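Spelled out, the chains give:
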Amino acid sequence: METLVDAVTRFREAGFVHILCAVPGPFLVCDCHAATTPSDLQVIGTARFEGSSNPDDEDVVIAAITSCGHAGLFTSGYGPSAGPDESDVLATMQSRSTSGGLKMPDGLVHSRTSPEFSARSVPAGLLRAHRLAEEVWGQLCVTSGTVEFSFEHDPAHPILVGTGEQQAIPPSVLHHGTPSVDAAFHIDFYRINPGLSDG
């Protein structure tokens with residue numbers, strides 16, 4: 001059975017490396033010092049745990065993308081064990097849907113576009129777990145066929161990206177793709193901070 005420490009380790013190994021802290025407002029502050037409102041947070045994964053001696057003692061781990069474009073973790077008590085700032089953040093997050101797909105943050109600068117790949121020409125590295133550099137976002141653009149896109153922290157729920165569709169890829173988060181035999185696709189790369197290299 002997974003523990004709180006196991007969940008934090010799993011998400012960190014998958015690339016959710018920034019620390020998110022609740023402050024009055026409510027806001028979540030990334031360790032890069034940027035603040036995100038809970039309504040702007042893009043939740044990618046969660047894990048909840050009951051206390052071993054008291055079921056009312058609960059903890060939650062939330063893996064998310066902030067408005068500054070970073071992949072981070074917010075850990076908190078849940079219910080009676082949450083502090084006031086954490087409770088405000090969690091209440092605001094619960095009041096909205098986190099579905100609808102991952103969105104690219106504002107202010108990104110396009111840096112380059114990959115060649116067009118097919119099922120025969122796709123580099124082997126894209127078919128296995130890999131990640132983009134810390135300040136680099138990608139956007140998978142499928143021009144024909146399909147690409148099954150998976151985040152490594154949630155392999156049981158792949159995302160099928162079809163012809164004319166796109167999939168945002170956040171920095172540092174482990175992922176891979178599996179193209180159909182008739183697939184054609186490319187990846188656009190964007191920088192959070194201009195001047196940094198792509199990954």
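Whatever comes next refers back to the structure up there.
Structure report, in brief.

Scoring rules and cut-offs
Numbering of residues begins from 1 in every chain and follows the order in which that chain's sequence is written. Local features are withheld for residues below a pLDDT of 70 in this predicted model, meaning they are given only at 70 or higher, and side-chain atom pairs are given and counted only at 80 or more; totals for whole chains, interfaces and linings count all residues. By convention in this description, side-chain values take in all heavy atoms of the structure and omit both hydrogens and water. Only runs of H or I of at least four residues qualify as helices and only runs of E of at least two qualify as strands under DSSP, and these elements are numbered from the N terminus. Note on exposure labels: buried denotes an accessible area under 20% of the residue type's maximum, exposed denotes more than 50%, and partly exposed covers the range between, all computed with a 1.4 Å probe on protein chains only. The criterion used for residue contact is that any of the two residues' heavy atoms lie within 4.5 Å. Under the convention used here, a 1.4 Å probe and the Shrake-Rupley method define accessible areas, while residue burial counts only the protein chains that appear. Only one rule defines a salt bridge in this text: a Lys or Arg side-chain nitrogen within 4 Å of an Asp or Glu carboxyl oxygen. Here a Phe, Tyr or Trp ring, Trp counted by its six-membered ring, pairs with any other such ring whose centre lies within 6.5 Å, and the pair is stacked when the planes are under 30 degrees apart, edge-to-face when over 60, and tilted otherwise. Working rule: Lys NZ or Arg CZ, within 6 Å of ring centre, within 35 degrees of ring normal, means a charge sits over the ring. Should DSSP find at least two bridges between two strands, the strands are taken to pair. Disulfides are defined as cysteine sulfur pairs within 2.5 Å.

Moving on: the overall build of the chain. Within the chain, the secondary structure is distributed over three helices and 14 strands. Here the chain, with 199 residues, has 45% of them falling under the buried criterion. For the chain, restricting intrachain contacts to residue pairs at least 6 apart in sequence, the fraction spanning at least 24 positions comes to 67%. Per element, the accessible surface of the chain, about 9,700 Å² overall, is 54% carbon and sulfur.

Tallied over the full model, the rule gives two salt bridges. A salt bridge links R10 to E2; its shortest N-O distance comes to 2.7 Å. Taking relative accessible area as the criterion, R10 reaches 29% and is therefore assigned partly exposed. Given the relative accessible area of 32%, E2 is considered partly exposed. Residues R48 and E58 are paired through a salt bridge, measuring 2.6 Å at the closest nitrogen-oxygen approach. Of this pair, R48 sits in strand β4 (residues 42-50) while E58 sits in strand β5 (residues 58-65); the two residues are ten residues apart in sequence, bridging distant segments of the chain.

Turning our eyes to something else, we now look at the packing of aromatic side chains. Per the stated rule, a full pass over the model turns up three aromatic pairs. Above the face of the F189 ring, R112 is positioned so that its terminal group lies 4.1 Å from the ring centre.

As a further point, take the pairing of strand β6 (residues 71-78). Counted residue by residue, β6 has seven buried out of eight residues, so it is predominantly covered. Pairing of β5 with β6, which is carried by eight bridges, proceeds in the antiparallel orientation. Opposite I62, over in β6, you have F74 as the bridge partner.

Before going further, it helps to spend a moment on the state of the cysteines. Here is the idea: a disulfide is a covalent bond, and it sits between the sulfur atoms of two cysteines. Tallying each qualifying case throughout the model produces zero disulfides. The thiol sulfur of C21 is not disulfide-bonded, and the nearest other cysteine sulfur, from C30, lies at 9.3 Å. According to the relative accessible area criterion, C21 is partly exposed, its value standing at 42%. Distance from the sulfur of C32, which forms no disulfide, to the nearest cysteine sulfur (C30) is 3.6 Å. Look at C32 and you get partly exposed, because its relative accessible area is 31%.

This next bit is on the pairing of strand β1 (residues 18-23). Within a regular strand, the side chains alternate between the two sheet faces. On β1, burial follows the alternation: H18, L20 and A22 on one face are buried, whereas I19, C21 and V23 on the facing-out side are not. Two elements, β1 and β6, share two bridges in a ladder whose sense is parallel. Pairing of H18 across the sheet is with G72, part of β6. Note: β1 against strand β2 (residues 27-30), four bridges, orientation antiparallel. The residue of β2 that forms the bridge with A22 is L28.

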